[in-house]
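So you can see what is in the structure, the chains are spelled out below.
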Amino acid sequence: MSRRTSPTSPPITIRRAVAKDAKRLTRLVRGSAAYEGKYASAVAGYRVGPDYIEAHRVFVAVAGGEHDGRVLGFYSLVLAPPELDLLFVADDVQGRGIGRLLVAHMLSEARAAGLDHVEVVSHLPAADFYHRVGAVRTGTAPANPPAVPWDRPEFEFRVPSE
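On a predicted model such as this, the values are computed, not experimentally measured, just so you know.

**Student:** Please clarify how the nonpolar core should be interpreted in this entry.
**Tutor:** Counting residues in hydrophobic clusters, the biggest one holds 50 residues, and the most contacted among them are Leu-25, Phe-74, Leu-84, Met-106, Val-118, Tyr-130 and Phe-157. With near-sequence residues (within four places) excluded, Leu-25 lies in contact with Ala-17, Val-48, Ile-53, Val-58, Val-60, Val-71 and Phe-74.

Right under this line is the structure:
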């Protein structure tokens with residue numbers, strides 16, 4: 001668990017997701033403005049279920065209380081093959097460093113798991129974010145219709161050793 005505070009905002013805690021977070025995480029994914037319009041098909045019917053949370057390393061950033069605070073964002077790290085499967089930050093708190101905080105936490109988790117890299121297939125509107133937080137573009141994932149009818153940029157994070 002890690003914390004970040006500032007004089008004007010409540011502390012942000014990153015903790016492991018639990019089954020009761022599933023509905024909140026699903027709402028965050030489905031409600032993301034990055035998936036409106038032509039991108040809506042990618043998250044239509046998408047569900048982050050308790051089984052997904054149990055199977056992967058899913059962590060949430062919360063404001064206020066550790067278990068009852070507002071979920072500001074989350075990520076999911078898959079170990080084999082090493083992939084950042086999901087990373088979402090609530091629309092109204094984007095640009096405040098929460099995504100960067102989640103990426104730093106993910107890299108720490110990846111290092112602890114013995115990984116030397118983590119791959120990301122990015123949503124097109126998120127590509128600049130991944131570049132800004134240190135991911136390197138490695139290629140392009142082809143479209144996968146009907147849910148994802150567009151090519152997507154692929155990135156890789158190098159996991160620094162301690």
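The discussion continues.
**Student:** When you look at the side chain of Glu-109 in this model, what are you seeing that I'm missing?
**Tutor:** Relative to the helices and strands, Glu-109 is located in helix α3 (residues 98–112). On the basis of relative accessibility, which here comes to 18%, the residue Glu-109 falls in the buried class. A polar contact is formed between the side chain of Glu-109 and the side chain of Arg-57, at a distance of 3.4 Å.

**Student:** I keep staring at the packing of aromatic side chains and nothing clicks. Help me out?
**Tutor:** Counting across every chain of the model gives 7 aromatic pairs. Seen from their ring centres, Phe-74 and Phe-88 are 5.9 Å apart, and the 15° between their planes marks the pair as stacked. Highlighted residues: Phe-74 in strand β4 (residues 70–78) and Phe-88 in strand β5 (residues 83–89), separated in sequence by 14 residues. Here a set of aromatic residues connected by ring pairs shows up, and it is made of Phe-129, Tyr-130, Phe-155 and Phe-157.

**Student:** Please clarify how α3 should be interpreted in this entry.
**Tutor:** Three or four residues apart is the spacing at which side chains of an α-helix point the same way, because the helix has 3.6 residues per turn. Taking 1.5 Å of rise per residue, 15 residues should cover 21 Å, and α3 covers 21 Å from first to last C-alpha, within 8% of that figure. Directly after α3, the chain includes Gly-114, whose backbone phi takes a positive value near 85°.

**Student:** Is there a simple way to think about unusual backbone geometry in this case?
**Tutor:** When glycine is set aside, most residues are seen to have a negative phi, and most peptide bonds are trans. In the segment running from Ala-80 into Pro-81, the intervening peptide bond is cis, with an omega of -10°. The topology assignment puts Pro-81 in the loop between β4 and β5. The amide bond that connects Pro-145 to the next residue, Pro-146, takes the cis arrangement and shows omega of 5°. By secondary structure assignment, the location of Pro-146 is in the loop between β7 (136–141) and β8 (152–158).

**Student:** I keep staring at the environment of Tyr-75 and nothing clicks. Help me out?
**Tutor:** Counting through the fold element by element, Tyr-75 comes out in strand β4. Taking relative accessible area as the criterion, Tyr-75 reaches 0% and is therefore assigned buried. It is 11 Å that separates the C-alpha atoms of Tyr-75 and Ile-98, two residues lying 23 residues apart in sequence. Look past the residues within four positions of Tyr-75 in its chain and what remains in contact with it is Arg-57, Val-58, Phe-59, Leu-84, Leu-86, Leu-87, Leu-102, His-105, Met-106 and Glu-109. Among the polar contacts made by the side chain of Tyr-75, one reaches the side chain of His-105 at a distance of 2.6 Å. There is a polar contact of 3.5 Å between the side chain of Tyr-75 and the backbone nitrogen of Met-106.

How each quantity is defined
Residues numbered from 1 in each chain as written. Predicted model: local features only at pLDDT ≥ 70, side-chain atom pairs only at ≥ 80, totals over all residues. Heavy atoms only, no water. Core = buried A, V, L, I, M, F, W, Y, C linked by side-chain atoms within 4.5 Å. Buried < 20%, exposed > 50% of the residue type's maximum accessible area, 1.4 Å probe, protein only. Contact = heavy atoms within 4.5 Å. Helix = DSSP H or I, 4+ residues; strand = E, 2+ residues; numbered from the N terminus. Polar contact = N/O pair within 3.5 Å; in protein donor to acceptor, adjacent residues only side chain to side chain. Phe/Tyr/Trp six-rings, centres within 6.5 Å; stacked < 30°, edge-to-face > 60°. Expected span 1.5 Å × (residues − 1).

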